[in-house]
Amino acid sequence: MEPKDFIEAGMGNFILMKNIIAIIDSQSEPSKKLMRAAKQQGKSLDLTKGKKTHSYIILQGGYVAASMLVPGTIVRRITKPNGKRKDVIAMREGKFVQD
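The rules behind these values
Every chain's residues receive numbers from 1 upward, in the order its sequence appears when written. At least 70 in pLDDT is required for a residue's local features to be given in this predicted model, at least 80 for side-chain atom pairs to be given and counted, and no such filter applies to totals for whole chains, interfaces and linings, which use all residues. Processing note: side-chain calculations cover all non-hydrogen atoms of the structure and skip hydrogens and water entirely. Put simply, a salt bridge is a Lys or Arg side-chain nitrogen that is within 4 Å of an Asp or Glu carboxyl oxygen. The rule is simple: take the accessible area with a 1.4 Å probe, protein chains only, and divide by the maximum for that residue type; under 20% is buried, over 50% is exposed, in between is partly exposed. Here, patches come from residues exposed beyond 30% relative accessible area and free of salt bridges, joined within 9 Å for like charges and within 5 Å for nonpolar side chains (Val, Leu, Ile, Met, Phe, Trp, Tyr). Every accessible area reported is derived by Shrake-Rupley at a probe size of 1.4 Å, with residue values counting cover from the shown protein chains alone. In this text, helices come from DSSP runs of H or I with a minimum length of four residues, and strands from runs of E with a minimum of two, each type numbered from the N-terminal end. At least two DSSP bridges between two strands are required for those strands to pair. The angle between two axes is taken between their N-to-C directions and runs from 0 to 180 degrees, where each axis is a line fitted to C-alpha atoms and a helix contributes only its stretch in contact.

## Observations regarding the pattern of salt bridges
At step 1: Throughout the structure, instances matching the rule amount to 2 salt bridges.
At step 2: The partner of Glu 29 in a salt bridge is Arg 36, with the nearest N and O atoms 2.8 Å apart.
At step 3: The exposure class of Glu 29 is partly exposed, given its relative accessible area of 49%.
At step 4: Here Arg 36 falls in the partly exposed class, since its relative accessible area comes to 43%.

What follows is the structure, given as structure tokens:
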């Protein structure tokens, strides 16, 4: 693994990008229910350091990480960490596009 394989998910915390399944907004009731279930199973990670949670990062193995970053910020960090990455698809204006 190399440093480029990780994404900064807020407050100096890093996640291995290949483990990310989805990044969702934290305000919907289904996403809150998902996080509650992860907490009950001991599979929740709090990366907020006490800040307001804006997104949940769903990881392989059933883990869910709470982040203070909005989903779009995390996606931008994944798709363009150095301005050169082109292999990740992003969503713009309701459509999937290759960055």
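## Observations concerning a nonpolar patch on the surface
At step 1: A grouping of Met 1, Phe 6 and Phe 14 is seen on the molecular surface, where their side chains present a nonpolar patch of about 370 Å² in accessible area.
At step 2: Its place among the elements puts Phe 6 in strand β1 (residues 6-8).

## Concerning the sheet that holds strand β4 (residues 44-46)
At step 1: An order of β3-β5-β6-β4 is seen for the 4 strands of this open sheet, with the pairing classed as mixed. In the strand order of this sheet, the two ends are held by β3 (20-25) and β4, each with one partner. Strand-to-strand twist of the sheet, defined as the mean angle between neighbouring strand axes without regard to direction, takes the value 20°.
At step 2: Sheet analysis places β3 next to strand β5 (residues 55-59), joined by 5 bridges and oriented antiparallel. Bridge pairing in β5 links Ala 22 to Ile 58.

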